[in-house]
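Coordinates in review
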Amino acid sequence: MGSLLKGVPGVRWGDLRGAQAPARDIPALLSRIAYGGEEVARLALDDLGDCVCALGFVVGEATAPTVPFLLELAEAPQVPCKPELLELLEKIYRTRTWHSSAAAAGGPKRKNFQEQPGWEVAARAAVLAGRHRIEGLAGSVQPEVAEAARGLLRAVDEDPGLPEV
């Protein structure tokens, strides 16, 4: 994968489920974002968004393991779509679909909602674990990067928490 994304092969992507697309595609999409040109990176980010945060509000099992790589890419000088990466991270953090659905259905022990709330908790925790990196990006000399990072920090700071399930 080059100097970026060295940890990608250490994740068992084939064993994970994406939100909508197969998780096995995530390494190639991350690589295209890191090393493709601007158009290739933006298309790959759109596909990756569908896989890890479908429709902008549904996470999958593979979302949490992907978050550190999204942060790594957002910090990389050559990556062209940093604001969009940060916006995807904000969508991931704000996601509460599985918790809301599980609560409405009578809790996570219902057959349809046994794993999904945990995916949201793990994805949000992964974003929080990268807070220091996001704070660094909030000081970027690129105004669009700094603005997107500050928006993500506001989302974290103003978060009401997940609904009880």
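This text gives an overview of the structure that appears in the document. No experiment lies behind these values; they were computed from the predicted model shown. (Residues numbered from 1 in each chain as written. Predicted model: local features only at pLDDT ≥ 70, side-chain atom pairs only at ≥ 80, totals over all residues. Heavy atoms only, no water.)

Considering helix H1 (residues 26-35)
- Looking at H1, one finds that the buried residues are Ile-26, Pro-27, Leu-29, Leu-30, Ile-33 and Ala-34. The buried residues of H1 occupy an angular sector of 165° when projected down its axis, which confines them to one face.
- The elements touched by buried residues of H1 are helix H2 (38-52), helix H3 (63-75) and helix H4 (82-94). (Buried < 20%, exposed > 50% of the residue type's maximum accessible area, 1.4 Å probe, protein only. Helix = DSSP H or I, 4+ residues; strand = E, 2+ residues; numbered from the N terminus. Arc of directions from axis to C-beta. Contact = heavy atoms within 4.5 Å.)

Some remarks on the packing of H2 against H4
- The interhelical angle for the contact between H2 and H4, taken along N-to-C directions, is 5°, at an axis separation of 11 Å. Taken as axis vectors, H2 and H4 run roughly parallel relative to one another. Facing Arg-42, Leu-45, Gly-49 and Val-52 of H2, the residues of H4 in contact are Glu-84, Leu-85, Leu-88 and Ile-92.
- Split by residue class, the contact of H2 with H4 holds 5 nonpolar, 1 polar and 2 charged. (Axes fitted to C-alpha atoms, helices over the stretch in contact; angles between N-to-C directions. Parallel < 35°, antiparallel > 145°, perpendicular 65-115°, else oblique. Nonpolar A, V, L, I, M, F, W, Y, C, P; charged D, E, K, R; others polar.)

Looking at the nonpolar core
- Among the nonpolar cores identified, the biggest contains 49 residues, and Ile-26, Leu-30, Ile-33, Leu-73, Leu-86 and Ile-92 are the most heavily contacted of them.
- Listing elements by their share of this core, those giving two or more residues are H1, H2, H3, H4, helix H6 (116-129), helix H7 (131-138) and helix H8 (143-157). (Core = buried A, V, L, I, M, F, W, Y, C linked by side-chain atoms within 4.5 Å.)

Here we look at the packing of aromatic side chains
- One pass over the structure, following the stated rule, counts 1 aromatic pair.
- For the ring pair Trp-13 and Phe-69, a centre distance of 6.2 Å and an interplane angle of 55° mean the geometry is tilted. With Trp-13 in the segment before H1 and Phe-69 in helix H3, this residue pair connects regions lying 56 residues apart in the sequence. Exposure class is identical for Trp-13 and Phe-69. Each is buried.
- We note Arg-124 situated over the ring of Tyr-93; from NZ or CZ to the ring centre the distance is 4.3 Å. (Phe/Tyr/Trp six-rings, centres within 6.5 Å; stacked < 30°, edge-to-face > 60°. Lys NZ or Arg CZ within 6 Å of the ring centre and 35° of its normal.)

With respect to the pattern of salt bridges
- In this structure the tally under the stated criterion is 9 salt bridges.
- When the shortest N-O distance is used, the salt bridge between Arg-42 and Glu-84 registers 2.6 Å. Taken as a pair, Arg-42 in helix H2 and Glu-84 in helix H4 lie far apart in primary sequence, 42 residues in all.
- Arg-42 gets classed as partly exposed once you look at its relative accessible area, which sits at 29%.
- Close ionic contact of Arg-94 with Glu-90 constitutes a salt bridge, the shortest N to O distance being 2.9 Å. Of this pair, Arg-94 and Glu-90 both sit in helix H4, 4 residues apart, roughly one helical turn.
- The class for Arg-94 is partly exposed, based on a relative accessible area of 44%.
- Through salt bridges with shared partners, one network takes in Glu-38, Arg-42 and Glu-84. (Salt bridge = Lys/Arg side-chain N within 4 Å of Asp/Glu carboxyl O.)

All quantities given are derived from atomic positions and should not be read as evidence of function.
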